[in-house]
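Residue-level structural notes
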There are 2 protein chains.
Amino acid sequence: MDKNLEHIRHSLAHLLAAAVLELWPDTKPTLGPAIDNGFYYDFDFNADGRGTDAEQRGISDKDLPRIEKKMREILKTWKSFEKQEVNEKEAKKTYRDNPYKLELIDEILKKGGPITFYTSGEFTDLCRGGHTENMKDIDPESFKLDRIAGAYWRGDEKNAMLTRIYGLAFNTKDELEAYEKQVEDAKKRDHKKLGKELDLFFIDEEVGKGLPMWTPKGTKIKFELEKFTRDLELKYGYEHIATPYLGSEKLYATSGHLDHYKSNMYAPIDMEGEKFYLRPMACPHHIRMLLRKPISYKDLPVRYAEIADYNRYEKSGELMGMIRVRKFQLTDAHIFVSPEGLKEEFKLVCSLIQEGLSGLGLLSVVSYRFSKRDPKNSKKYYPDDELWNKAESMMKQALDEIGLHYKEVENEAAFYGPKLDVQALNVNGKEDTIFTAQIDFLLPEKFKIEYTDKDGSKKRPVMIHRSAIGALERTFAFLIEHYAGAFPLWLSPVQIRVLPISETQHGFAKEVFEELKNAGIRAELDDSKETLGKKIRAFKTEKIPYALVIGEKEVEAKKVTLESRDKGNLGQLSISDLLEKLGLEILEKK
Amino acid sequence: MDKNLEHIRHSLAHLLAAAVLELWPDTKPTLGPAIDNGFYYDFDFNADGRGTDAEQRGISDKDLPRIEKKMREILKTWKSFEKQEVNEKEAKKTYRDNPYKLELIDEILKKGGPITFYTSGEFTDLCRGGHTENMKDIDPESFKLDRIAGAYWRGDEKNAMLTRIYGLAFNTKDELEAYEKQVEDAKKRDHKKLGKELDLFFIDEEVGKGLPMWTPKGTKIKFELEKFTRDLELKYGYEHIATPYLGSEKLYATSGHLDHYKSNMYAPIDMEGEKFYLRPMACPHHIRMLLRKPISYKDLPVRYAEIADYNRYEKSGELMGMIRVRKFQLTDAHIFVSPEGLKEEFKLVCSLIQEGLSGLGLLSVVSYRFSKRDPKNSKKYYPDDELWNKAESMMKQALDEIGLHYKEVENEAAFYGPKLDVQALNVNGKEDTIFTAQIDFLLPEKFKIEYTDKDGSKKRPVMIHRSAIGALERTFAFLIEHYAGAFPLWLSPVQIRVLPISETQHGFAKEVFEELKNAGIRAELDDSKETLGKKIRAFKTEKIPYALVIGEKEVEAKKVTLESRDKGNLGQLSISDLLEKLGLEILEKK
């Protein structure tokens with residue numbers, strides 16, 4: 001946030017408090033900072049003892065316009081903020097009826113800082129400063145109150161519940177409107193909303209929180225994503241394996257998960273005195289698979305891929321749709337490679353990831369982050385300077401040689417090695433890490449993996465952990481939002497719907513429908529008695545890429561009229577031309 | 001077992017005891033019955049206190065020929081069995097040093113039965129009878145001692161460990177040899193042995209008992225089985241869904257699993273005070289999926305299919321390879337159908353199952369069992385005579401109408417309805433139930449499933465639970481044994497191996513190999529320096545269906561010589577003819 005905008009937002013928080021106090025003079029103001037998209041202020045409306053929160057005093061979102069109006073009135077009267085340093089006695093006298101401010105004053109004194117009041121117009125607030133110098137800089141149309149919410153004092157649920165009023169604020173009215181449009185758009189694209197509307201997935205509390213189920217339509221997309229991943233992996237020389245979502249205690253003791261990752265794991269299940277865990281990661285399984293037979297340098301690199309079941313402990317409050325779940329499937333792989341082969345293999349990994357993102361149509365919204373350790377933080381990172389330097393410089397070389405644009409960040413590496421994060425811009429304009437590729441020297445040591453080199457000596461391989469397209473659940477959610485549910489043809493659960501105009505065309509429509517199905521196209525036939533207009537609206541609402549309109553003319557010409565979800569009427573064509581067009585579009589994943 | 005053969009086997013158990021007592025006179029004989037393939041006798045070799053079991057006295061399999069020889073010597077002297085009824089005093093005196101026989105005598109007395117001794121030659125044994133009338137009937141070449149094993153007295157691990165000697169016995173020498181050949185053959189086909197030799201799966205105690213992992217080769221077969229199942233299901237109008245392997249306590253309380261099936265379930269996992277179970281079945285999930293929206297008669301039948309993760313509690317001693325495991329994937333489905341549509345739908349289910357078995361090449365080894373309730377057993381079966389009668393007669397009609405040959409058995413139904421068991425003859429000549437189709441009136445009640453019928457009234461659908469090709473793990477094990485690892489082309493992990501005779505053909509061999517890969521054939525290139533003879537032996541040992549031999553002549557003619565695993569040299573052909581031949585064979589699943 002630029003400093004100037006931050007000052008404007010902070011100033012508006014004061015203005016909000018001033019307005020609220022004019023409207024409800026017995027309110028106790030507490031704290032009001034600038035935030036990402038504006039500002040907020042927390043109030044205790046309970047000042048007169050008439051209720052425990054704003055709601056009981058009847059204050060709600062419907063009061064926001066009134067408060068906003070008052071803010072604009074007061075704004076006209078404000079020029080700038082006047083700073084005044086006060087002593088403890090004076091400060092505590094001013095706030096003798098406000099326990100929140102008294103607590104803040106005590107804190108300031110403890111830290112030895114000066115107590116400062118800032119005044120603008122007739123309103124004075126305990127504040128450490130940081131306001132705009134000239135209130136005239138604030139365009140009265142560039143801010144807006146957003147919503148009312150509950151918030152615990154100091155964010156601690158043991159404290160009193162206060163009433164928080166949020167405001168949006170930007171430099172200009174245009175910026176505010178652009179932001180509101182983005183939020184509106186993001187809401188429409190929300191994968192939880194679209195997932196329900198388009199019947200793509202289903203989260204049922206009776207089955208379990210954080211355990212989403214894929215509906216018939218969603219499962220079609222899931223299968224396409226699986227096939228896409230596996231085809232890509234075959235092309236890059238991976239072997240697929242299948243390993244269970246359970247593992248013994250010994251396995252996770254050896255891997256170190258029980259030491260470093262236990263808080264993300266579920267409680268163990270007892271089987272005849274042995275403990276088994278729902279696995280948080282598949283690396284130990286893949287390593288044990290590798291160790292089933294001796295390894296020669298000729299076998300390397302070994303590339304094991306699996307769409308692997310993962311289980312992560314998540315608090316119910318942190319679960320979110322398909323994005324934060326308790327069980328998911330990662331398009332996972334573990335590569336075992338000689339130290340000499342590491343750089344070239346890592347380049348191949350980057351290449352596979354780019355090809356994957358390109359196929360999903362996401363290249364334009366992703367960026368890359370090269371996450372290194374903080375060399376000064378010896379606790380957080382596996383302590384071996386030489387290995388780290390080698391790994392990081394090798395990774396950097398690989399990234400530079402393939403010309404990947406990336407941002408270098410310190411102190412974001414994994415415990416055991418540096419990583420490449422795939423960052424995607426979500427519909428809220430924020431960056432999420434959707435998956436990673438990591439270099440690991442540690443697990444090969446812990447599991448004592450060795451291969452026989454050319455000269456007969458035993459050597460230790462390096463591991464690469466990488467995902468191809470991330471967790472199916474999270475990537476699915478991301479794709480829903482990215483495409484607003486209007487998936488490209490290859491991913492669409494229903495690819496085309498055949499629409500006979502009236503019953504006399506049902507015979508030909510059925511023929512066309514069967515031909516499409518036989519060609520492997522996911523087709524539907526709408527032979528209901530609805531009007532064509534309604535049928536067309538329906539296929540567009542359901543975000544089906546294409547419809548075929550079949551009327552008398554079409555039957556006569558043995559052709560179909562193609563209607564596109566995105567491009568409107570595309571004219572008449574023969575079935576064979578249609579199949580060719582669809583086939584090509586599916587192949588090109590456009 | 002025919003009565004006569006049973007008597008011969010029992011007589012041979014006496015003969016075994018007589019021989020052992022001649023060789024080790026201080027041995028205490030205990031019990032020796034006829035069994036499925038012969039007989040055994042349990043001895044306490046510890047009579048003289050020199051050791052705790054046979055092993056410590058140095059008695060092992062290497063003594064079997066000596067004992068067998070002694071048996072044949074004694075056999076010549078035996079004519080028949082002479083029965084003698086004795087009183088308690090006499091019996092106890094005879095066995096005063098044998099606590100096992102004393103225990104048996106007390107048991108006989110408790111039951112009020114007479115104590116009988118049977119004598120042949122010089123050997124007398126406490127016995128209830130059932131011997132051959134004429135020992136001359138026994139062909140001395142028709143039996144054989146098999147092996148020595150430990151066995152607890154009365155099968156109770158709290159008792160002393162005895163030494164059991166097993167013998168094989170049949171009517172004739174030919175029958176014995178045929179049996180031995182079958183056992184030998186079954187051993188060679190054992191899926192645990194072949195699974196390791198052909199590197200198809202891997203069970204690792206460190207990952208966990210009963211949790212097999214599919215190797216790269218096994219996973220190729222797994223994917224083929226999955227694709228086969230799903231294609232078949234699409235053809236029959238199923239919709240695929242994907243649901244999690246965990247479910248809440250509430251879900252299994254509603255379904256009744258916690259009442260009726262808890263002993264097969266693992267202990268629950270706590271998540272913030274809620275209990276979750278590794279699911280033993282997927283029915284509740286599929287029902288909840290159905291209930292996500294209102295159901296109309298027009299939607300029925302709803303057919304949900306999933307290759308579903310199942311978890312079953314199995315004692316470690318009962319685990320066996322891929323057949324008895326703790327986690328498996330069932331090719332599962334649940335159909336919701338109106339009572340009127342039930343019969344036709346059940347016929348479709350039978351048809352799908354037969355098509356599945358036919359595709360896997362198993363039609364010749366399966367039979368069908370129609371498992372009904374026992375009407376007198378009101379505890380074991382859901383108590384509603386009308387429903388049972390309707391369901392059973394409907395199922396019988398369906399089976400008869402499609403002309404399925406089946407065996408009708410009582411008291412083998414599921415708790416909630418009759419079922420059709422698919423029985424397969426394993427390599428040991430025994431029948432296993434590999435999967436089932438069941439009719440269920442109960443779960444629709446428990447979950448209160450309703451659909452709106454034509455007239456607007458609410459009705460309850462019926463459920464069919466059915467598998468398409470069983471559990472992937474068990475069916476895989478069955479297929480390995482059935483084909484002795486020599487899978488048909490479509491299932492083979494490696495379908496063809498290209499064998500250049502010398503280095504000068506490597507170029508053309510590489511071209512051919514790439515062409516095969518591009519055509520989607522799972523091909524390998526063996527460009528090692530081994531001789532052609534060795535390369536040919538290798539592809540046959542690895543049970544790869546085909547190899548292509550490429551020498552000078554082939555390069556010149558731009559052709560390849562096809563060598564079949566099963567049919568030897570098939571002559572030269574062009575690449576395009578080869579691709580056509582392989583494509584057809586894969587399509588036909590031969």
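Residues numbered from 1 in each chain as written. Chains lettered and ligands numbered in written order. Predicted model: local features only at pLDDT ≥ 70, side-chain atom pairs only at ≥ 80, totals over all residues. Heavy atoms only, no water.

Attention shifts here to the overall build of chain A. In terms of helices and strands, chain A carries 18 helices and 28 strands. Counting only C-alpha atoms, chain A reaches 80 × 80 × 55 Å along its principal axes. Looking at the 590 residues of chain A, the share that counts as buried comes to 54%. Long-range pairs, those at least 24 residues apart, make up 70% of the contacts in chain A with a sequence separation of at least 6. Surface summary for chain A: the accessible area is close to 27,100 Å², and the carbon and sulfur share equals 48%. (Helix = DSSP H or I, 4+ residues; strand = E, 2+ residues; numbered from the N terminus. Buried < 20%, exposed > 50% of the residue type's maximum accessible area, 1.4 Å probe, protein only. Contact = heavy atoms within 4.5 Å. Areas by Shrake-Rupley, 256 points an atom, 1.4 Å probe, with all protein chains shown as cover.)

All names here are of chain B. Per the counting criterion, the structure on display carries 107 salt bridges over all chains. A salt bridge links lysine 144 to glutamate 180; the shortest N-O distance between them is 2.7 Å. Remark: glutamate 180 occurs in helix α5 (residues 173–189) and lysine 144 occurs in strand β7 (residues 143–152); sequence separation between them is 36 residues. The partly exposed category is assigned to lysine 144, whose relative accessible area is 32%. Accessibility expressed as a relative area gives 24% for glutamate 180, which makes it partly exposed. (Salt bridge = Lys/Arg side-chain N within 4 Å of Asp/Glu carboxyl O.)

Let us look at the packing of helix α7 (residues 216–235) of chain B against helix α14 (residues 472–483) of chain B. All names here are of chain B. Their axes nearest at 11 Å, the elements α7 and α14 cross at an angle of 110°. Taken together, the axis directions place α7 and α14 in an arrangement best described as roughly perpendicular. The chirality of how α7 crosses α14 is right-handed. For the pair α7 and α14, contact is made by Gly218, Ile221, Lys222, Leu225 and Glu226 and by Leu472, Phe476 and Leu479, respectively. (Axes fitted to C-alpha atoms, helices over the stretch in contact; angles between N-to-C directions. Parallel < 35°, antiparallel > 145°, perpendicular 65-115°, else oblique. Left-handed = near helix turned anticlockwise from the far one by under 90°.)

For helix α10 (residues 283–290) of chain A, the tally of buried residues reaches eight of eight residues, placing the bulk of the element in the interior. Taken as a whole, α10(A) has its buried residues at A:Cys283, A:Pro284, A:His285, A:His286, A:Ile287, A:Arg288, A:Met289 and A:Leu290.

The subject of this paragraph is the environment of A:Lys192. Residues and elements named next belong to chain A. Here lysine 192 is to be found in helix α6 (residues 191–197). The class for lysine 192 is partly exposed, based on a relative accessible area of 37%. A C-alpha to C-alpha distance of 7.8 Å links lysine 192 and methionine 322, two positions 130 residues apart in sequence. Discounting residues that sit within four places of it in the chain, lysine 192 has contacts with Phe201, Met320 and Gly321.

Moving on, we get to the environment of A:Lys79. All names here are of chain A. Along the polypeptide, lysine 79 turns up in the loop between α2 (64–77) and β4 (82–86). Overall, the relative accessible area of 63% leaves lysine 79 in the exposed class. For lysine 79 and glutamate 556, which are 477 residues apart along the polypeptide, the C-alpha to C-alpha distance reads 78 Å. Contact partners of lysine 79, with chain neighbours within four places excluded, come to Ser120, Glu133, Asn134 and Met135.

Of the transformation placing chain B onto chain A, the axial shift is 0.1 Å and the rotation is 179°, giving an RMSD of 0.2 Å. Considering both components of the superposition, the chain copies are consistent with a two-fold axis. Residues of chain B ranked by C-alpha distance from the rotation axis are headed by B:Ile269, positioned 3.4 Å from it. In this assembly, 100% of the residues forming the interface of chain B have copies in chain A that are likewise at the interface, indicating an isologous arrangement. (Least-squares fit on C-alpha atoms with pLDDT ≥ 70 in both.)

By size, the foremost hydrophobic cluster in this structure holds 67 residues, and its most contacted members are B:Leu225, B:Phe346, B:Leu357, B:Leu420, B:Ile439 and B:Phe476. What B:Phe476 contacts, discounting residues up to four positions off in sequence, is B:Leu200, B:Phe201, B:Trp214, B:Gly218, B:Ile221, B:Met322 and B:Phe487. A:Leu198, A:Val365, A:Tyr416 and A:Ala437 belong to the second largest nonpolar core, which has 66 residues in total. (Core = buried A, V, L, I, M, F, W, Y, C linked by side-chain atoms within 4.5 Å.)

Turning our eyes to something else, we now look at the state of the cysteines. Tallied over the full model, the rule gives zero disulfides over all chains. With no disulfide of its own, A:Cys350 lies 19 Å from the sulfur of A:Cys283, the closest cysteine sulfur. (Disulfide = S-S within 2.5 Å.)

A separate point is the interface of chain B and chain A. Between chain B and chain A, the contact holds 54 residues from the first and 54 residues from the second. Taking both sides of the interface into account, the surface hidden between chain B and chain A amounts to around 4,800 Å²; carbon and sulfur atoms contribute 61%. The largest contributions to the chain B side of the interface with chain A come from B:Glu206, B:Tyr245 and B:Glu272, which together make up 15% of the buried area. Across the contact surface, chain B and chain A share 14 salt bridges. Here B:Asp204 ties to A:Arg288 by a salt bridge, and the two come within 2.6 Å at their closest N and O atoms. Inspection of the region where chain B meets chain A yields 24 residue pairs in polar contact (both at pLDDT 80 or more). The element that contributes the greatest number of residues to the side of chain B that touches chain A is α7(B), accounting for five residues. Here the residues of the side of chain B that touches chain A are counted per class, giving 25 nonpolar, 11 polar and 18 charged. (Buried area = accessible area lost by both parts, 1.4 Å probe. Polar contact = N/O pair within 3.5 Å; in protein donor to acceptor, adjacent residues only side chain to side chain. Nonpolar A, V, L, I, M, F, W, Y, C, P; charged D, E, K, R; others polar.)

This part takes up the confidence of the model for chain A. Averaged over chain A, the pLDDT score is 93; the fraction of residues at 70 or greater is 98%. With pTM at 0.87, the complex prediction returns an ipTM value of 0.87. (pLDDT = per-residue confidence, 0-100.)

All names here are of chain A. Spatially, the three strands line up as an open sheet ordered β4-β5-β6, and their pairing is antiparallel. With partners counted over all chains shown, the strands left at the sheet margins are β4 and β6 (123–126), one partner each. Strand-to-strand twist across the sheet, computed as the mean angle between neighbouring axes with direction ignored, equals 25°. Note that strand β5 (residues 115–120) and β6 share four bridges and pair antiparallel. Across the sheet, tyrosine 118 pairs through a bridge with aspartate 125, a residue of β6. Across the sheet, helix α1 (residues 3–23) touches β5 and β6, and the angle it forms with β6 is around 120°. Packed on one face of the sheet, helix α4 (residues 99–110) meets β5 and β6 and runs near 50° to β6. (Pairing = 2+ DSSP bridges.)

This part is about the environment of B:Gly167. Residue and element names in this part refer to chain B. By the element assignment, glycine 167 lies in strand β8 (residues 161–169). Note: C-alpha distance between glycine 167 and leucine 64 (103 residues apart in sequence) is 9.6 Å. Those residues in contact with glycine 167 that lie beyond four places of it in its chain are Asn37, Gly38, Phe39, Lys144, Leu145 and Asp146.

All right, on to the sheet that holds strand β14 (residues 274–278) of chain A then. Residue and element names in this part refer to chain A. One open sheet accounts for three strands, arranged β12-β14-β13; its pairing is antiparallel. Across the chains shown, the open sheet's two edge strands, defined by having one partner strand only, are β12 (246–248) and β13 (269–271). Across this sheet, the average inter-strand angle for adjacent strands is 40°, counted without regard to direction. Relative to β14, β13 runs antiparallel, the two sharing three bridges. Across the sheet, residue aspartate 270 finds its bridge partner in β14, namely lysine 275.

Here we take up the packing of aromatic side chains. Taken as a whole and judged by the stated rule, the model has 38 aromatic pairs over all chains. Here the aromatic rings of B:Phe228 and B:Trp490 are separated by 5.3 Å at their centres, their planes lie at 50°, and the arrangement is tilted. Of this pair, B:Phe228 sits in helix α7 while B:Trp490 sits in the loop between α14 and β25 (496–500), placing them 262 residues apart in sequence. The same class applies to B:Phe228 and to B:Trp490, which are both buried. An aromatic cluster of at least three residues, connected via ring pairs, comprises A:Trp24, A:Tyr41, A:Phe43 and A:Phe45. The ring of A:Tyr40 has A:Arg164 sitting right over it, with the charged end atom 3.7 Å from the ring centre. (Phe/Tyr/Trp six-rings, centres within 6.5 Å; stacked < 30°, edge-to-face > 60°. Lys NZ or Arg CZ within 6 Å of the ring centre and 35° of its normal.)

Let's shift gears to the packing of helix α15 (residues 506–518) of chain B against helix α18 (residues 575–588) of chain B. In helix packing, the relevant descriptors are the interaxial angle and the interaxial distance, both defined with respect to the helix axes. All names here are of chain B. α18 packs onto α15 with a crossing angle of 35° between their chain directions and a minimal axis gap of 11 Å. Remark: the crossing between α15 and α18 carries right-handed chirality. On α18, the residues that touch Val512, Glu515 and Leu516 of α15 are Ile575, Leu578, Leu579 and Leu582. When grouped by side-chain class, the residues that make up the contact of α15 with α18 number six nonpolar, no polar and one charged.

This next bit is on a negative patch on the surface. Judged by side-chain charge, A:Asp2, A:Glu141, A:Asp174, A:Glu175 and A:Glu177 come together as a negatively charged surface patch. Judged by its relative accessible area of 34%, A:Glu175 falls in the partly exposed class. (Patch = residues over 30% accessible without salt bridge, like charges linked within 9 Å, V, L, I, M, F, W, Y side chains within 5 Å. Lys, Arg positive; Asp, Glu negative; His and termini not counted. Charge placed at Lys NZ, Arg CZ, Asp CG, Glu CD.)

A word on α4(A). All names here are of chain A. When the terminal C-alpha atoms of α4 are compared, their 16 Å separation across 12 residues agrees well with the 16 Å that a helix rising 1.5 Å per residue should span. Every buried residue of α4 is accounted for by Tyr100, Lys101, Leu104 and Ile105. Summarising the axial view, the buried residues of α4 lie within an arc of 135°, below the 170-degree limit, and thus occupy one face. N-cap assignment for α4: the residue whose side-chain oxygen lies 3.0 Å from the backbone N of tyrosine 100 is asparagine 98. Count one or two residues on from α4 and you reach glycine 112, which has phi positive near 80°. (Expected span 1.5 Å × (residues − 1). Arc of directions from axis to C-beta.)

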